Amino acid sequence: MANTTVRGALAIHGQNPQHLVETVIRNRIYESPYWKEHCFALTAETLIDKTIELRYIGGVYGNQKPTEFLCLLLKLLQIQPEKEILLEYLQADEFKYLRALAAMYVRMTFRATEVYELLEPLLKDFRKVRYRGMGGYSLTYIDEFVDQLLTEERVCDIILPRVPRRQVLEENGDLGPRKSLLLNAMEGEDDTETRGGRGDS
Amino acid sequence: RAHLRALGQTTRIERSTVAQVRARIAYLREKTKEASSAKAFDFEQRLAEIRA
Amino acid sequence: KEKEAEEPDVDDTDGLEPAEEFDAWRLRELARIKRDKEVELERELEREEVERRRALPEEQRL
């Protein structure tokens, strides 16, 4: 079937991008009705329509069924759109599930410095996102999801490629210090020891 | 695959351009505008309130 | 064939209670800042410990 990676695709982290999704899950996706019926022949353009219809993110659920989110993620890995297209996805403010999908893809395929530079600004996006996992649905937020992408090894049942910790990149001079909007706002109010402590109760 | 070829379709997927993607997003944005107008929430203003 | 109950029982509608939603974010952001600071501090302490041990004469180090 049409499960091959697009011709001319660049290897990501030294391998076929689709292999960033481990074999067992990948095969589940190829076999899923959603993949066969809705993901066939999607382009970077038509994929947007599918993504904004998403009602939840997540990895696998129930009897190891892949979410539509995961199917579309694999589709992105397969068609490997240009970087500029991913930036458009991220910036399309009103479509939170498109943003979530793009964030995940960026985390999996972009250079470490870009990962931080592109994803950290999304930590201020507190919109609600539904998560579907083995235990049913739960509520998360874009900022929380992005934080997971930045700090955890496994998100939505996908093992994320290793990315150096922020501090390491900072020490090498590859990355400037993180700017928290909240921190800035608080420091505007009072420049002394307010970091972290205030309003924590 | 073979049956698609027989129908004269290629199995090679066209690549979208950034311009197409942008246009699609703009179109969908218009379409969903009414639905999302409730979300007109001023983040900057909230931050300013913290400062105050 | 398996038609499962697809209806999510969790509401993801934004802006229902804007003030609360912002406030919840603020607490999450604070927790992250605090966590990151703690991690940084721990690394700092570790580094100092390594330095200190390096400074010791050979016999004491072992």
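Structure shown above.
Read on for an overview of the structure. (Residues numbered from 1 in each chain as written. Chains lettered and ligands numbered in written order. Predicted model: local features only at pLDDT ≥ 70, side-chain atom pairs only at ≥ 80, totals over all residues. Heavy atoms only, no water.)

1. Details of unusual backbone geometry
Of all residues except glycine, most have a negative phi; of all peptide bonds, most are trans. All names here are of chain A. Phi is positive for Gln64, close to 60°, though the residue is something other than glycine. Here Gln64 is to be found in the loop between β1 (60-61) and β2 (65-66). Its identity is not glycine, yet Asp157 carries a phi of approximately 65°, on the positive side. Residue placement: Asp157 occurs in the loop between β5 (154-155) and β6 (158-159). (Helix = DSSP H or I, 4+ residues; strand = E, 2+ residues; numbered from the N terminus.)

2. Quick notes on the interface of chain B and chain A
Every contact between the two is made by 23 residues of chain B and, on the other side, 37 residues of chain A. In this assembly, chain B packs against chain A so that about 2,600 Å² is buried in total across both faces, 64% of it on carbon and sulfur atoms. For the pair chain B and chain A, the number of links is 4 salt bridges. Close ionic contact of Glu94 of chain A with Arg29 of chain B constitutes a salt bridge, the shortest N to O distance being 2.9 Å. Viewed at the interface, chain A and chain B are joined by 8 residue pairs in polar contact (both at pLDDT 80 or more). Of all the elements in the fold, those that place two or more residues in the side of chain B that touches chain A are α2 (18-31) and α4 (43-51) of chain B. A per-element tally of the side of chain B that touches chain A places α2 of chain B first, with 8 residues. Each residue belonging to the side of chain B that touches chain A can be placed in one class, and the counts come to 10 nonpolar, 4 polar and 9 charged. (Contact = heavy atoms within 4.5 Å. Buried area = accessible area lost by both parts, 1.4 Å probe. Salt bridge = Lys/Arg side-chain N within 4 Å of Asp/Glu carboxyl O. Polar contact = N/O pair within 3.5 Å; in protein donor to acceptor, adjacent residues only side chain to side chain. Nonpolar A, V, L, I, M, F, W, Y, C, P; charged D, E, K, R; others polar.)

3. Considerations on the nonpolar core
The biggest cluster of nonpolar side chains holds 64 residues, and the ones touching the most others in it are Phe69, Tyr89, Met104, Leu119 and Phe145 of chain A. Element by element, the count of residues in this core is highest for helix α6 (residues 96-109) of chain A, at 10 residues. The contact partners of Leu119 of chain A, leaving out residues within four places of it in the chain, are Ala103, Val106, Arg107, Glu114, Val146, Leu149 and Leu150 of chain A. Formed by 12 residues, the second largest nonpolar core is a distinct cluster that contains Leu183 of chain A, Phe43 and Ile50 of chain B together with Leu30 of chain C. (Core = buried A, V, L, I, M, F, W, Y, C linked by side-chain atoms within 4.5 Å. Buried < 20%, exposed > 50% of the residue type's maximum accessible area, 1.4 Å probe, protein only.)

4. As for the environment of Pro66 of chain A
Structurally, Pro66 of chain A can be placed in strand β2. A C-alpha to C-alpha distance of 10.0 Å links Pro66 of chain A and Arg132 of chain A, two positions 66 residues apart in sequence.

5. Considering the pattern of salt bridges
For the structure shown, the criterion picks out 26 salt bridges over all chains. Its salt-bridge partner being Arg99 of chain A, residue Asp93 of chain A comes within 3.3 Å of it at the nearest N-O pair. The residue Arg43 of chain C makes a salt bridge to Glu171 of chain A at a minimum N-O spacing of 3.2 Å. In this pair, Arg43 of chain C is assigned in helix α1 (residues 18-55) and Glu171 of chain A in helix α9 (residues 166-171), connecting two distinct chains. Judged by its relative accessible area of 25%, Arg43 of chain C falls in the partly exposed class.

6. Let's talk about the interface of chain C and chain A
Between chain C and chain A, the contact holds 31 residues from the first and 36 residues from the second. Summing both partners gives a buried area of about 3,000 Å² for chain C against chain A, and 49% of it is carried by carbon and sulfur. Run the count over chain C and chain A and you get 9 salt bridges. Across the salt bridge formed by Arg32 of chain C and Asp143 of chain A, the nearest N and O atoms sit 2.9 Å from each other. At the junction of chain C and chain A, the tally comes to 16 residue pairs in polar contact (both at pLDDT 80 or more). Grouping the constituent residues of the side of chain C that touches chain A by class yields 10 nonpolar, 1 polar and 20 charged.

7. Regarding the pairing of strand β4 (residues 136-141) of chain A
Residue and element names in this part refer to chain A. In this structure, strand β3 (residues 128-133) lies alongside β4, joined through 6 bridges in antiparallel fashion. Across the sheet, residue Arg132 finds its bridge partner in β4, namely Tyr137. Linking two consecutive strands that pair antiparallel, namely β3 and β4, is a turn of 2 residues. (Pairing = 2+ DSSP bridges.)

8. Brief notes about the environment of Arg166 of chain A
Residues and elements named next belong to chain A. When you line up the elements, Arg166 lands in helix α9. Separated by 50 residues in sequence, Arg166 and Tyr116 place their C-alpha atoms 7.6 Å apart. If sequence neighbours within four positions are ignored, Arg166 has contacts with Tyr116, Glu120, Leu175, Gly176, Pro177 and Arg178. Here the side chain of Arg166 touches Glu170 through a polar contact of 2.6 Å, side chain to side chain. At 3.0 Å, the side chain of Arg166 forms a polar contact with the backbone oxygen of Gly176.

9. A short note on the layout of surface pockets
Quantified by volume, the largest pocket comes out at close to 1,000 Å³. Elements represented by at least two residues in the lining of the largest pocket include exactly α7 (112-119), α8 (142-151), α9 and α10 (181-189) of chain A together with α1 of chain C. Take the lining of the largest pocket: its biggest share by element is 7 residues, from α1 of chain C. The residue inventory of the lining of the largest pocket, partitioned by class, reads 14 nonpolar, 4 polar and 19 charged. Both of domain 1 (17-163) and domain 2 (164-196) of chain A provide at least three residues apiece to the lining of the largest pocket. (1 Å grid on protein atoms, 1.4 Å probe; cavity = no way out; pocket = protein on both sides within 12 Å on 5 of 7 lines; lining within 4 Å. Points joined across faces, edges and corners; volume = space filled by probe spheres on them. Domains from an automatic or database assignment.)

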